[in-house]
Amino acid sequence: MDKIWAIKSSLAIPLEHIAGVSLDPPGVHDWWKGLRMGGTQLPGLIAGTFLYHNERVFWDVHDPSRAIGISLHDERYNELIIEVESPGDVVEMIRMALKSRLLDFT
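Residues numbered from 1 in each chain as written. Predicted model: local features only at pLDDT ≥ 70, side-chain atom pairs only at ≥ 80, totals over all residues. Heavy atoms only, no water.

Draft legend 1. Representation of the pairing of strand E6 (residues 79-83) within the structure. Bridge count between strand E4 (residues 55-61) and E6: four bridges; the pairing is parallel. When the bridges of E6 are listed, Val 57 appears paired with Glu 79. Counted between consecutive antiparallel strands, the loop separating strand E5 (residues 67-72) from E6 contains six residues, among which Asp 74 sits at a positive phi close to 60 degrees. (Pairing = 2+ DSSP bridges. Helix = DSSP H or I, 4+ residues; strand = E, 2+ residues; numbered from the N terminus.)

Draft legend 2. Layout of the pattern of salt bridges. For the coordinates displayed, the defined rule picks out two salt bridges. Among the ionic pairs, Arg 66 bridges to Glu 83, the shortest N-O distance being 3.4 Å. Placement of Arg 66 in the loop between E4 and E5 and of Glu 83 in strand E6 is noted, with a sequence separation of 17 residues between them. Using a relative accessible area of 28% as the deciding quantity, one classes Arg 66 as partly exposed. In this structure Glu 83 comes out as partly exposed when scored by relative accessible area, which is 23%. Between Arg 66 and Glu 85 there is a salt bridge whose closest N-O contact spans 3.5 Å. One end of the pair, Arg 66, is in the loop between E4 and E5; the other, Glu 85, is in the loop between E6 and helix H2 (87-103), and 19 residues separate them in sequence. The exposed category is assigned to Glu 85, whose relative accessible area is 65%. Salt bridges sharing common partners tie together Arg 66, Glu 83 and Glu 85. (Salt bridge = Lys/Arg side-chain N within 4 Å of Asp/Glu carboxyl O. Buried < 20%, exposed > 50% of the residue type's maximum accessible area, 1.4 Å probe, protein only.)

Draft legend 3. View of the nonpolar core. If you look at the biggest cluster of nonpolar residues, it comprises 13 residues, and the most contacted ones within it are Ile 18, Val 21, Ile 68, Ile 70, Leu 72, Leu 80 and Ile 94. Listed by contribution, the elements that provide at least two residues to this core are strand E1 (18-23), E5 and H2. Take this core: its biggest share by element is four residues, from H2. The contacts of Ile 68, once residues within four sequence positions are left out, are Val 21, Ser 22, Leu 23, Pro 25, Leu 80, Ile 81, Ile 82, Val 84, Pro 87, Val 90, Val 91 and Ile 94. (Core = buried A, V, L, I, M, F, W, Y, C linked by side-chain atoms within 4.5 Å. Contact = heavy atoms within 4.5 Å.)

Draft legend 4. Up close: a nonpolar patch on the surface. The grouping of Leu 35, Met 37 and Leu 51 at the surface amounts to a nonpolar patch, some 260 Å² of accessible area in total. Among the structural elements, Met 37 can be located in strand E2 (residues 35-42). (Patch = residues over 30% accessible without salt bridge, like charges linked within 9 Å, V, L, I, M, F, W, Y side chains within 5 Å. Areas by Shrake-Rupley, 256 points an atom, 1.4 Å probe, with all protein chains shown as cover.)

Structure (structure tokens):
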């Protein structure tokens, strides 16, 4: 159903385009998520593209306590705010992948 609500079937972001990742991203607990550019905002659901502080943000969140923020560069979106099963583990996994990419001198 989230594909329908977000008006987006999938996103593929290369690791090289991830600038950072965070727990409890800014705005996740605010009622206003920005100007809706396509998607849905209902109580208990936000999914789709929003313009927030002049940045294009993709949201897919039902439970804000399980949301993470992924900052991007060289992409259509400036940030992804998505719900994941285990936010701490996912954030750590992405940070480790980013760190190992920086240490790869090949």
